[in-house]
Amino acid sequence: MPTQTYFELLEMLQAEAHPGRPGRHRHVCPVCRLTHQGVDRFMQLISLEKVTDVDMRLQLRAAGGFCNRHSYQWLKLNDALGTAIIYEDLLNEATKRIEKGDFQARRSGLFGRQAAPGNPFSPCPVCLHQEEIENRVAHDFAEGFAEQPRFREAYAGPGVAGLCLPHFRRVAARLDGAVAEEFANRQQEKFGATRQMLRQIIDKMDAGRKLEQHDEAAKQAARSIGEEREALTRAIWQMAGLEDIS
Ligand SMILES: [Zn+2]
Ligand SMILES: [Zn+2]
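Since the structure is predicted, the reported quantities are computational estimates derived from the model, not experimental observations. (Residues numbered from 1 in each chain as written. Chains lettered and ligands numbered in written order. Predicted model: local features only at pLDDT ≥ 70, side-chain atom pairs only at ≥ 80, totals over all residues. Heavy atoms only, no water.)

A look at the overall build of the chain
Working step 1: Assigned secondary structure in the chain consists of eleven helices and two strands.
Working step 2: Written out in order from the N terminus, the α and β elements of the chain read α-α-α-α-α-β-β-α-α-α-α-α-α.
Working step 3: Radius of gyration (C-alpha) of the chain: 24 Å, far over the 18 Å computed for a compact globule of 246 residues.
Working step 4: Judged by the C-alpha coordinates and their principal axes, the chain covers about 70 × 60 × 45 Å.
Working step 5: The proportion of buried residues among the 246 residues of the chain is 34%.
Working step 6: Taking contacts inside the chain between residues at least 6 apart in sequence as the whole, the part at least 24 apart equals 71%. (Helix = DSSP H or I, 4+ residues; strand = E, 2+ residues; numbered from the N terminus. Rg over C-alpha atoms; globule rule 2.2 N^0.38 Å. Buried < 20%, exposed > 50% of the residue type's maximum accessible area, 1.4 Å probe, protein only. Contact = heavy atoms within 4.5 Å.)

Quick notes on the pattern of salt bridges
Working step 1: Overall, the coordinates contain eleven salt bridges when judged by the stated rule.
Working step 2: Across the pair Arg-152 and Glu-182 runs a salt bridge, and its minimum N-O distance is 3.9 Å. Of the two residues, Arg-152 sits in helix H7 (residues 149-156) while Glu-182 sits in helix H9 (residues 177-210), which places them 30 residues apart along the sequence.
Working step 3: Taking the relative accessible area as the measure of exposure, Glu-182 reaches 28% and is therefore partly exposed.
Working step 4: Here Glu-182 and Arg-186 are joined by a salt bridge, their closest N and O atoms 3.5 Å apart. Placement of both Glu-182 and Arg-186 in helix H9 is noted, with a separation of four residues, approximately one turn of the helix.
Working step 5: A single network of salt bridges, built from pairs that share partners, joins Arg-152, Glu-182, Arg-186 and Glu-189. (Salt bridge = Lys/Arg side-chain N within 4 Å of Asp/Glu carboxyl O.)

Considerations on the coordination of the zinc ion (ligand 1)
Working step 1: Protein coordination of the zinc ion (ligand 1) is provided by Cys-29 (SG), Cys-32 (SG), Cys-164 (SG) and His-167 (ND1), with donor distances spanning 2.0 to 2.4 Å.
Working step 2: Classification of the site at the zinc ion (ligand 1) rests on its four donor atoms, whose angles at the metal span 100 to 115°, yielding the label tetrahedral.
Working step 3: Taken in sequence order, the residues that donate to the zinc ion (ligand 1) follow the motif C-x2-C-x131-C-x2-H. Placement of the pair is Cys-32 in helix H2 (residues 30-50) and Cys-164 in the loop between H7 and helix H8 (165-172), with a sequence separation of 132 residues.
Working step 4: Using a relative accessible area of 0% as the deciding quantity, one classes Cys-164 as buried. (Donors = N, O, S within 2.8 Å, 3.2 Å for Na, K, Ca; no water. Tetrahedral: all angles 85-135°; square planar, octahedral: opposite > 155°, others 65-115°.)

Concerning the packing of aromatic side chains
Working step 1: Considering all chains together, one arrives at eleven aromatic pairs under this definition.
Working step 2: Between Phe-145 and Tyr-155, the aromatic rings sit 6.1 Å apart at their centres with planes inclined by 85°, giving edge-to-face as the arrangement. Of this pair, Phe-145 sits in helix H6 (residues 125-147) while Tyr-155 sits in helix H7, and the two are ten residues apart along the sequence.
Working step 3: When its relative accessible area of 0% is taken as the criterion, Tyr-155 is described as buried.
Working step 4: In this structure an aromatic cluster arises from ring pairing among Tyr-6, Phe-7, Phe-141, Phe-145, Phe-151, Tyr-155, Phe-168 and Phe-183.
Working step 5: Stacked on the ring of Tyr-155, the Lys or Arg Lys-190 has its end atom at 4.9 Å from the ring centre. (Phe/Tyr/Trp six-rings, centres within 6.5 Å; stacked < 30°, edge-to-face > 60°. Lys NZ or Arg CZ within 6 Å of the ring centre and 35° of its normal.)

Details of the coordination of the zinc ion (ligand 2)
Working step 1: Ligation of the zinc ion (ligand 2) by protein atoms is provided by Cys-67 (SG), His-70 (ND1), Cys-124 (SG) and Cys-127 (SG), these donors lying 2.0 to 2.4 Å from the ion.
Working step 2: Here the zinc ion (ligand 2) binds four donor atoms, and the angle range of 100 to 114° at the metal identifies the geometry as tetrahedral.
Working step 3: All donor residues of the zinc ion (ligand 2) come from one chain, and their arrangement in sequence is C-x2-H-x53-C-x2-C. Here Cys-67, found in the loop between helix H3 (54-63) and helix H4 (68-76), pairs with Cys-124, found in the loop between strand E2 (113-115) and H6; they are 57 residues apart in sequence, far enough to count as distant.
Working step 4: By relative accessible area, which is 22% here, Cys-67 ends up partly exposed.
Working step 5: Taking relative accessible area as the criterion, Cys-124 reaches 6% and is therefore assigned buried.

Structural measurements only, silent on function.
Structure below.
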């Protein structure tokens, strides 16, 4: 049964395949985009409703606050009261733990060797939530690809830049047989298109170098990068995922 996430994914792929149509059609991994949106929404929810929520309070205490990345995302929400309430509690908790000696190396064994203290914190609650979103979206993507011909057709569109490698892996792990093979072939085409654009850039730079005896203007002209410039950022997210994801 197609979910709302499935339809969101389909809409993104169709918009990418037909950039003339109105709507959003950025060339970016759709799983990254939905994950980004989900994380943003979750942080806003914490700010609006969960600052004094007991469960969230306990999770944040156990985690020693948000992880580094999500701490700075939180700061960008500009929630003065929420930040003051959450961080008064976190600093208070950290102070108590210092008092108890929680972060001290432990003496152990006959000769009193120091054992390095392990990480005393549980994972960041936003990271845990992000993991849930990524799994759900990858699941719906895989199901859509396996079961819906129009989803497969939309994904095959030459304008569609495809998934990043981390999300390709998540989806591929959920497919098998002929469908898995087709999915892998599509992804190779997407990476191939980027490689072609990168090759154009390398060739232009080479051509510029070979014009040594020519004037500077001719060199500049030979080196000027056009539409293929997009491949530089595309190659980065195709390998690593969007910034702040994975
Ligand atoms: Zn991605
Ligand atoms: Zn985090």
